[in-house]
Amino acid sequence: MVKLIYGDIGSGKSEYVLSCLEKDAREGTSAILIVPEQQTVAAERELLERLPASAQLNIEVLNFSRLANRVFRKAGGLVYNYASGGQRTLMMWRALCQCAPMLTEYHERASADLSLPSAMLSITKELTSSGISAEELEAFCADMPDSTLRRKLSDIATVSAAYKLLISQSHTDPSSDLDRLCQLLDTTARGYFSGMHVYLDSFYSLTRQEHAVLRRIMSEAECLTA
């Protein structure tokens, strides 16, 4: 079952969610509150103040990253070999240098423009969170008329694919955690949310990756309240 709570800012939507969590705590129902990363500590503090200590046994505050970590611990897939920011920048620079002969719009800048690796990393992260693979982007370019935009997008697809291959050989990209989470929820972690009450609060928007996780939660949880 899915419940959607509507109301203006300050109308009591979050208060309603907290009252539901209080009821879950009293009844011993397993429940998860999912909030944006920057809201996690504040939400934890509020629940600690309102709920009895015993509620920690069945009520948990998570963001999407913590949710992935929680499932990885239970069903496998927990990886700590994340590349640091500097390592990701270096790998993107290597990907640009390797791909330079194949690029059109970025051919001259690939190894000379020191700002390009950071820009490409940002674009690659955006593609990942939007659920767009390098293959899908390249296929999209194939249907576009020749233009600067098409050539840029094609270059981005080429570099993004090379970067993903490089980083997968020695590290795990944290931006792919939600994709790995969905794979687990479809296989070894199927039924993970069965019988749970799941609440979603304080989000202004969701990425395509987050939508994919929510679809799996909705198919299993006893109730999703947003």
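One can find the structure itself at the top, above this paragraph.
Residue numbers run consecutively from 1 along every chain, following the written order of its sequence. It should be noted that, the model being predicted, local features are given only for residues of pLDDT at least 70 and side-chain atom pairs only at 80 or more, the latter also being counted only at that level, while totals for whole chains, interfaces and linings use all residues. To obtain the side-chain values, all non-hydrogen atoms of the structure were included, while hydrogens and water were left out.

1. Some details on helix α9 (residues 208-220)
Helix length check: α9, at 13 residues, gives a terminal C-alpha distance of 19 Å against a target of 18 Å (1.5 Å per residue), a fit within 8%. Between two residues, a contact is recorded if the distance between any of their heavy atoms is within 4.5 Å. Counting from the N terminus, the helices are the DSSP runs of H or I reaching at least four residues and the strands are the DSSP runs of E reaching at least two. Lining the buried residues of α9 we find β2 (31-34), α3 (64-75), α5 (116-129), α8 (177-186), β4 (197-200) and β5 (223-225). Helix span, as expected, comes to 1.5 Å for every residue beyond the first.

2. A look at the pairing of β4
Along any regular strand, the residues point their side chains to alternate faces of the sheet. Summary of the burial criterion: residues with accessible area below 20% of their type's maximum are buried, those above 50% are exposed, and those between are partly exposed, where the area comes from a 1.4 Å probe applied to protein chains only. What you see with β4 is no split at all: His197 and Tyr199 on one side and Val198 and Leu200 on the other are buried throughout. Examined bridge by bridge, β2 and β4 share four bridges and lie parallel to one another. The residue of β4 that forms the bridge with Ile34 is Leu200. Between any two strands, pairing holds if DSSP finds at least two bridges. As paired elements, β4 and β5 share three bridges and run parallel to each other. Residue pairing across strands places Tyr199 opposite Thr225, the latter belonging to β5. Throughout, right-handed denotes a crossover for which the path from the first strand over the helix to the second runs clockwise when the strands point away from the viewer. In this view, the connection linking β4 to its parallel neighbour β5 by way of α9 has right-handed handedness.

3. What to know about the packing of α8 against α9
Here α8 crosses α9 at 20°, and the two axes come no closer than 9 Å. Considered as vectors, α8 and α9 are oriented roughly parallel to each other. Note that α8 runs across α9; the crossing there is left-handed. For the pair formed by α8 and α9, the contact residues are Leu178, Asp179, Leu181, Cys182, Leu185 and Asp186 on the first element and Gln209, Glu210, Ala212, Val213, Arg216 and Glu220 on the second. Grouping the constituent residues of the contact of α8 with α9 by class yields six nonpolar, one polar and five charged. Note on definitions: angles span 0 to 180 degrees between N-to-C directions of axes, and those axes are lines fitted to C-alpha atoms, for helices only across the stretch in contact. Between 65 and 115 degrees an angle is taken as roughly perpendicular, under 35 as roughly parallel, over 145 as roughly antiparallel, and anywhere else as oblique. Crossings are sorted by hand: turned counterclockwise from the far helix by less than a right angle, the near helix makes the crossing left-handed, and turned clockwise it makes it right-handed. All amino acids are sorted into three groups, where Ala, Val, Leu, Ile, Met, Phe, Trp, Tyr, Cys and Pro are nonpolar, Asp, Glu, Lys and Arg are charged, and the leftover types, Gly among them, are polar.

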